[in-house]
Amino acid sequence: MLAITVSHISKSFGTVQALKDISLSVEDGELFGLIGPDGAGKSTLFRILTTLLLADKGEGTVAGHPIVSKYKEIRKKVGYMPGKFSLYQDLSVEENLSFFATIFGTTIEANYDLIKDIYVQIEPFKKRLAGQLSGGMKQKLALCCALIHKPEVLFLDEPTTGVDAVSRKEFWEMLQRLKEKGIAILVSTPYMDEAELCDRIALIQNGRILQTDTPEALRASYPYPLYAVKSRNTYQLLKSLRETFYTRTVLPFGDFLHLSTKEKMALDQIQNDLRTKGFEAIEIKEIEATVEDVFLELSDTEEARTTTER
Amino acid sequence: MKILAYLIQKEFTQIFRNKALLPMMTILPIVQLIVLSNAASNEVKNVNLVVVDKDHSEQSRLLTRKIVANERFSLVSAPYSKENAMETMQTNGADIVLEIPQNFERSFLKGERPQLQILVNAINGQQATVGVGYLNSIIGTFNKELQTRVGQPAIGKNANIQIASRNWYNPEIEYTHFMAPGILAELTALLTIILSAMNVVREREMGTIEQINVTPIKKWQFIVGKLVPFLCVGLLLLTVGLIASKLIFDIPMLGNIGIIFMYAIVNLIAVLGLGLLISNFANTQQQAIFVAFFFILIFVLMCGLFTPIDSMPKWAQYFTIPNPLAHFISVSRKVLMKGSGLADIKMEFLYTFILAILFNSLAIWSYKKQS
């Protein structure tokens, strides 16, 4: 059975079209990532699937129930963690957790095994008010609250935004363990590096899904030769690479520049070219595309397409 | 049921944890009750009087003395000309100018009917009417005494009719007895409407409502979960207020206090329903408080506390029917001062009951878990 299906969903807010003909499906026990920048429509899709918002067009099912007609069933079976921390700041960790357990008609003890790994980390602070927790702790508590009723499908809207690198890593490890327990997870994130940790991802921009596939397949789908280039003066290097005849695109990625060329080139050829232009300490290597490369490539095409449409 | 109980418990936890809310709910209303009950009085205690005595006779002086002997009047000045007196009034120094004409005593003794002139500063309407009332009654008594003394039975025929008035339910006309129950009712209603109006909006502002909406919690559970805690707060405030009024103002409690509480429950449910309704339509606490204030002002000014409902224009009198505060004040006065029973306040009960059903159904209906 599919945990989530979405077919041709569209949603507008006034003149702004937030979602345009979105279709995707998430299988049981799958960790599915929705990757895109802020304002891409990720949260809107989450709100539609968690039955908080009605779509203008299209249909969808969550845990086997249609999102419009059986919304009451869905609310029993999903866990939702909104992008903004939305637990009671003036209740303690323990109180928040037992509050959400009770309104789902269960108890902390009944589903303790599910949250145990996460809860032990915040248990020392269980008497502390939720508003006084650190960002990472808040995320863990929110995840516990979303899990306490043993949901079949878990919706996590940008769970790692504003969380430090270590907590982010821990958080994704937790998601892997939850997945093993058979819970389907739909997670959204603006961070491309997190995309690699998902089973499958959908790249979304301007309310449109650019591509859906496994991270490996997406990376392999990158159609052009790609090189990582580094030199002492990165900015000058970027400027001069933009002007060469063989360059398609060149974009900064950390210390390196990712250079995509029109045809396959020998490494020496590029190196010689750069050396004659006076660059020193040149490092160059052929690389496989990352998800970010793919995303930027696809979003360029998308931009070009929407511009011609206009 | 267990869910509802937990919702209520959670609300109480939050109320008791809010350091600002508790004193706001208990101390402030009591302070207001004490201050307002004493200050908000229709009694006119001091009327500034200017007497222009053109007669300078024994009788005219006697009249002046009699008036000034009354503690409500203070003689500001006694000029010789009316112009001087008018100047004093112009500078707001005088509320009433009493002019005693020349030959006042002589024409009286002759059996004519001399005329006194009273000029009233009507900038403060209340002061003017009440002051003239006092003055008239003093002059009336003086008139009668004078007749008996001078022995003029011919004019004394008016005196055959004697009017004896007695004030029922508040024999001494103690204003605090009359104001305190009203103000108590007002404060209870005000506090609960504001608390409930702010509450749901706060959940919206904090984003917690988003999380609640995804749960299988039912709309009525959510609304009742908000209503019950604030109902308890309202009843607590009423209890404290009644005790304070009894101790401080010694207000009469003739009727059954149980009836007051029974009615208060219905009334508070109505008011809370309105608060929650406002809450559902507001996005921020600021919006909620503005809309709540709009209703509060109308409710307070048209509830019969400061202006009697009977003296309002007809259309305004109909407007007091959907005003829960008007009924609350009417009930608290009737029961406390008059000892009214259930049968006497059945109309108030009926109207409030209808309002409670109406506001709460609208509140449940307008609370949308989905947009």
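Everything quoted here is computed from the prediction, not taken from an experiment. (Residues numbered from 1 in each chain as written. Chains lettered and ligands numbered in written order. Predicted model: local features only at pLDDT ≥ 70, side-chain atom pairs only at ≥ 80, totals over all residues. Heavy atoms only, no water.)

Caption draft 1: Structural detail: the sheet that holds strand E2 (residues 73-77) of chain B. Residues and elements named next belong to chain B. Spatially, the 4 strands line up as an open sheet ordered E2-E1-E3-E4, and their pairing is mixed. In this open sheet, the two edge strands, each paired with only one partner strand, are E2 and strand E4 (117-120). The average undirected angle you get between the axes of adjacent strands in this sheet is 30 degrees. By the bridge criterion, 4 bridges tie strand E1 (residues 47-53) to E2 in an arrangement that is parallel. From the neighbouring strand, Val50 faces E2, where its bridge partner is Ser77. On top of the sheet, helix H3 (residues 58-69) reaches E1, E2 and strand E3 (96-100); it is set at about 175 degrees to E1, its chief contact. (Pairing = 2+ DSSP bridges. Helix = DSSP H or I, 4+ residues; strand = E, 2+ residues; numbered from the N terminus. Axes fitted to C-alpha atoms, helices over the stretch in contact; angles between N-to-C directions. Contact = heavy atoms within 4.5 Å.)

Caption draft 2: Summary view of the layout of surface pockets. All names here are of chain B. Of the voids in this model, the largest pocket is the one considered here, and its volume is about 760 Å³. If you trace the largest pocket, you find 29 residues lining it, with Ile309, Asp310, Ser330, Arg333 and Lys334 closest to the centre. When residues of the lining of the largest pocket are traced back to their parent elements, those giving at least two are helix H13 (324-338) and helix H14 (346-366). Tallied by class, the residues present in the lining of the largest pocket amount to 15 nonpolar, 9 polar and 5 charged. (1 Å grid on protein atoms, 1.4 Å probe; cavity = no way out; pocket = protein on both sides within 12 Å on 5 of 7 lines; lining within 4 Å. Points joined across faces, edges and corners; volume = space filled by probe spheres on them. Nonpolar A, V, L, I, M, F, W, Y, C, P; charged D, E, K, R; others polar.)

Caption draft 3: Looking closely at the packing of helix H9 (residues 219-249) of chain B against H14 of chain B. Residues and elements named next belong to chain B. With their axes 9 Å apart at the nearest point, H9 and H14 run at an angle of 125 degrees to one another. It follows from the interaxial angle that H9 and H14 lie oblique. Considering how the two elements wind past one another, H9 and H14 form a crossing that is right-handed. Contacts from Lys219, Trp220, Ile223 and Leu227 in H9 reach Asn360, Ala363, Ile364 and Trp365 in H14. (Parallel < 35°, antiparallel > 145°, perpendicular 65-115°, else oblique. Left-handed = near helix turned anticlockwise from the far one by under 90°.)

Caption draft 4: Structural detail: the interface of chain B and chain A. In this complex, chain B contributes 25 residues to the contact, which on the side of chain A involves 29 residues. Broken down residue by residue, the surface that chain B buries against chain A is led by Gln211, Val214 and Gln370 of chain B, which jointly contribute 25%. Between chain B and chain A we count 3 salt bridges in total. There are 11 residue pairs in polar contact (both at pLDDT 80 or more) connecting chain B and chain A. (Buried area = accessible area lost by both parts, 1.4 Å probe. Salt bridge = Lys/Arg side-chain N within 4 Å of Asp/Glu carboxyl O. Polar contact = N/O pair within 3.5 Å; in protein donor to acceptor, adjacent residues only side chain to side chain.)

Caption draft 5: Representation of the pattern of salt bridges in the model. By the definition in use, this model includes 29 salt bridges over all chains. Linking Glu210 of chain B and Arg47 of chain A is a salt bridge whose minimum nitrogen-to-oxygen distance equals 2.3 Å. Of the two residues, Glu210 of chain B sits in helix H8 (residues 208-213) while Arg47 of chain A sits in helix H1 (residues 42-49), which places them in two different chains. Given a relative accessible area of 22%, Arg47 of chain A falls into the partly exposed group. In this structure, Lys264 of chain A engages Glu286 of chain A in a salt bridge whose closest nitrogen and oxygen atoms are separated by 2.4 Å. Of this pair, Lys264 of chain A sits in the loop between strand E13 (256-261) and helix H10 (267-276) while Glu286 of chain A is found in strand E14 (residues 283-286), placing the two residues 22 residues apart along the sequence. When its relative accessible area of 59% is taken as the criterion, Lys264 of chain A is described as exposed. We classify Glu286 of chain A as partly exposed; its relative accessible area is 42%. Linked through salt bridges whose partners overlap, the residues forming this network are Lys10, Glu11, Glu203 and Lys226 of chain B. (Buried < 20%, exposed > 50% of the residue type's maximum accessible area, 1.4 Å probe, protein only.)

Caption draft 6: Representation of the environment of Ala195 of chain A in the model. All names here are of chain A. Secondary-structure assignment places Ala195 in helix H7 (residues 192-195). Between the C-alpha atom of Ala195 and that of Gly36, which follows or precedes it by 159 residues, the distance is 9.9 Å. Not counting residues up to four positions away in its chain, the partners in contact with Ala195 are Ile35, Ile201, Pro215 and Val291.

Caption draft 7: Region of the structure containing a positive patch on the surface. On the surface, a cluster of positive charge is contributed by Lys72 of chain A together with Lys218, Lys219 and Lys368 of chain B. In this fold, Lys219 of chain B is placed in helix H9. (Patch = residues over 30% accessible without salt bridge, like charges linked within 9 Å, V, L, I, M, F, W, Y side chains within 5 Å. Areas by Shrake-Rupley, 256 points an atom, 1.4 Å probe, with all protein chains shown as cover. Lys, Arg positive; Asp, Glu negative; His and termini not counted. Charge placed at Lys NZ, Arg CZ, Asp CG, Glu CD.)

Caption draft 8: Expanded view of the domain arrangement of chain A. Partitioning chain A into domains gives domain 1 (2-219) and domain 2 (223-287). Computed from C-alpha coordinates alone, the two centres of domain 1 of chain A and domain 2 of chain A are separated by 40 Å. (Domains from an automatic or database assignment.)

Caption draft 9: Region of interest: H13 of chain B. Residues and elements named next belong to chain B. Taking 1.5 Å as the rise per residue, H13 with 15 residues should run 21 Å; its terminal C-alpha atoms sit 20 Å apart, in good agreement. Most of H13 is tucked away, with 12 of its 15 residues classed as buried. The opening residue of H13 is Asn323, an N-cap whose side-chain oxygen sits 2.9 Å from the backbone nitrogen of Leu325. Following H13 by one or two positions, Gly339 has its phi on the positive side, about 75 degrees. (Expected span 1.5 Å × (residues − 1).)

Caption draft 10: Structural detail: the side chain of Arg168 of chain A. All names here are of chain A. By the element assignment, Arg168 lies in helix H6 (residues 165-180). By relative accessible area, which is 17% here, Arg168 ends up buried. Apart from the residues lying within four places of it in its own chain, the contact partners of Arg168 are Thr160, Val163, Tyr191, Asp193 and Glu194.

Caption draft 11: Geometry of the side chain of Thr215 of chain B. Of note, Thr215 of chain B is situated in the loop between H8 and H9. Owing to a relative accessible area of 1%, Thr215 of chain B belongs among the buried residues under this scheme. A polar side-chain atom of Thr215 of chain B sits 2.5 Å from the main-chain carbonyl oxygen of Ile212 of chain B. Not counting the four nearest positions on each side in its chain, Thr215 of chain B is found in contact with Arg75, Phe100, Ile103 and Phe104 of chain A together with Lys369 of chain B.

Caption draft 12: Looking closely at the sheet that holds strand E3 (residues 31-35) of chain A. All names here are of chain A. Judged by pairing direction, the sheet is mixed, and its 6 strands sit side by side in the order E6-E7-E8-E3-E9-E10 without closing on themselves. What marks the edges here is a single partner per strand, and that holds for strand E6 (78-81) and strand E10 (208-213). Neighbour-to-neighbour, the strand axes of the sheet open up by a mean angle of 15 degrees, direction not taken into account. One ladder, built from 5 bridges, connects strand E7 (residues 153-157) with strand E8 (residues 184-189); its direction is parallel. Following the sheet pairing, Asp157 is matched in E8 by Ser188. Packing of H1 onto the sheet brings it into contact with E3, E6, E7, E8 and strand E9 (200-205), and relative to E8 it is tilted by some 150 degrees.

Caption draft 13: Quick look at the pairing of strand E4 (residues 57-62) of chain A. All names here are of chain A. Of the pairings in the sheet, the one linking strand E1 (residues 2-13) to E4 comprises 5 bridges and is antiparallel in character. Within E4, the position partnered with Thr5 by the bridge is Thr61. Two strands pair when backbone bridges link them, and E4 and strand E5 (residues 65-66) are joined in this way by 2 bridges, in the antiparallel orientation. Its bridge partner lying in E5, Thr61 is registered against Pro66.

Caption draft 14: A look at the packing of helix H2 (residues 21-39) of chain B against H9 of chain B. Residues and elements named next belong to chain B. One can describe the packing of H2 onto H9 by two numbers: an axis separation of 10 Å at closest approach and a directional angle of 40 degrees. Taken together, H2 and H9 sit at an angle that is classed as oblique. Along this stretch, H2 crosses H9, giving a crossing that reads as right-handed. Between H2 and H9, the residues in contact are Met25, Thr26, Pro29, Ile30, Leu33, Ile34, Ser37 and Asn38 and Val233, Leu236, Leu237, Val240, Gly241, Ala244, Ser245, Ile248 and Phe249, respectively.

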